[in-house]
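Residues per chain, in single letters:
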Amino acid sequence: MGAEEIYNCIKVNEEIFTAGQPTAEQLLSLAGEGFVTVINLATVHPDYSLADEEGLVRSLDITYHHIPVDWDAPQARDYDEFERLMVQLPEGKTLIHCAANYRVTAFYGLYAQRRLGWSAAQADEFRAPIWSGADYPVWEKFIREMRQLDR
């Protein structure tokens, strides 16, 4: 059982994976696969969150960051914290996840536009296999507004 088997997983490159909520067993497999960081953008929710994800990940000597992004009200400050973490990632594999890889593909697409030279079309194509912003007007508006900000 590997990282690529996590719900809605996208292998961006050899070091960055985005995904939905991993199971405890999937998290346990990360250490053996060379993962050094986990970033969780989901809010804590009894229907899909693990009871102690942070404790489990840290017990594997993997760095854990939690930025709980409200699905109904994403904030620029949440993205700013995400970008701050991304630019200082250590060498090694990173799993960035939320409940279903929706928040993550939106945030990573914005990050890749700002920091990796992606076009808006590339960011939209990255997100498209998982979801369409048009299906979620709050997120479509958030992405549009974040793209317009001069940072």
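Above: the structure in question.
Residues numbered from 1 in each chain as written. Predicted model: local features only at pLDDT ≥ 70, side-chain atom pairs only at ≥ 80, totals over all residues. Heavy atoms only, no water.

**Focus on the pairing of strand S3 (residues 35-40)**
So, step 1. Across the six residues of S3, five count as buried, placing the element largely inside the fold.
So, step 2. As paired strands, S3 and strand S5 (residues 93-97) are joined by five bridges and run parallel to one another. Directly across from Ile 39, in S5, lies its bridge partner Ile 96.
So, step 3. Bridging between S3 and strand S4 (residues 63-66) involves four bridges; their strand directions are parallel. Looking across to S4, one finds that Asn 40 is bridged to His 66.
So, step 4. Taking the sense of rotation as the criterion, the β-α-β connection linking S3, helix H2 (residues 53-59) and S4 turns out right-handed. (Buried < 20%, exposed > 50% of the residue type's maximum accessible area, 1.4 Å probe, protein only. Helix = DSSP H or I, 4+ residues; strand = E, 2+ residues; numbered from the N terminus. Pairing = 2+ DSSP bridges. Right-handed = clockwise from strand over helix to strand, strands pointing away.)

**Quick word on the sheet that holds strand S1 (residues 10-11)**
So, step 1. With mixed pairing, five strands are arranged side by side in an open sheet as S1-S2-S5-S3-S4. Looking at the sheet topology across the chains shown, the edges are occupied by S1 and S4.
So, step 2. Here four bridges tie strand S2 (residues 16-19) to S5, and the two strands are oriented parallel to one another. Counterpart to Phe 17 in the pairing with S5 is Leu 95.
So, step 3. Strands S1, S2 and S5 of the sheet are contacted by helix H4 (residues 102-115), whose axis makes an angle of about 140° with S2. (Contact = heavy atoms within 4.5 Å. Axes fitted to C-alpha atoms, helices over the stretch in contact; angles between N-to-C directions.)

**Points about the pattern of salt bridges**
So, step 1. Across all of its chains, the model carries eight salt bridges by this definition.
So, step 2. A salt bridge links Glu 14 to Lys 11; its shortest N-O distance comes to 3.2 Å.
So, step 3. Judged by its relative accessible area of 54%, Glu 14 falls in the exposed class.
So, step 4. Ionic contacts of the salt-bridge type, sharing partners, join the residues Glu 83, Arg 114 and Arg 115 into one network. (Salt bridge = Lys/Arg side-chain N within 4 Å of Asp/Glu carboxyl O.)

**Re the nonpolar core**
So, step 1. Leu 41, Phe 82, Ile 96 and Tyr 108 are the most contacted members of the largest nonpolar core, which has 29 residues in total.
So, step 2. If you list the elements that add at least two residues to this core, you get helix H3 (76-87), H4 and helix H6 (137-148).
So, step 3. For this core, the element with the highest residue contribution is H4, accounting for eight residues.
So, step 4. Apart from residues lying up to four places away in sequence, Tyr 108 is in contact with Val 12, Ile 16, Phe 82, Met 86, Ile 96, Leu 116, Trp 118 and Phe 126.
So, step 5. Counting residues in hydrophobic clusters, the runner-up holds 14 residues, among them Phe 35, Val 57, Leu 60 and Leu 95. (Core = buried A, V, L, I, M, F, W, Y, C linked by side-chain atoms within 4.5 Å.)

In short, geometric facts, not functional conclusions.
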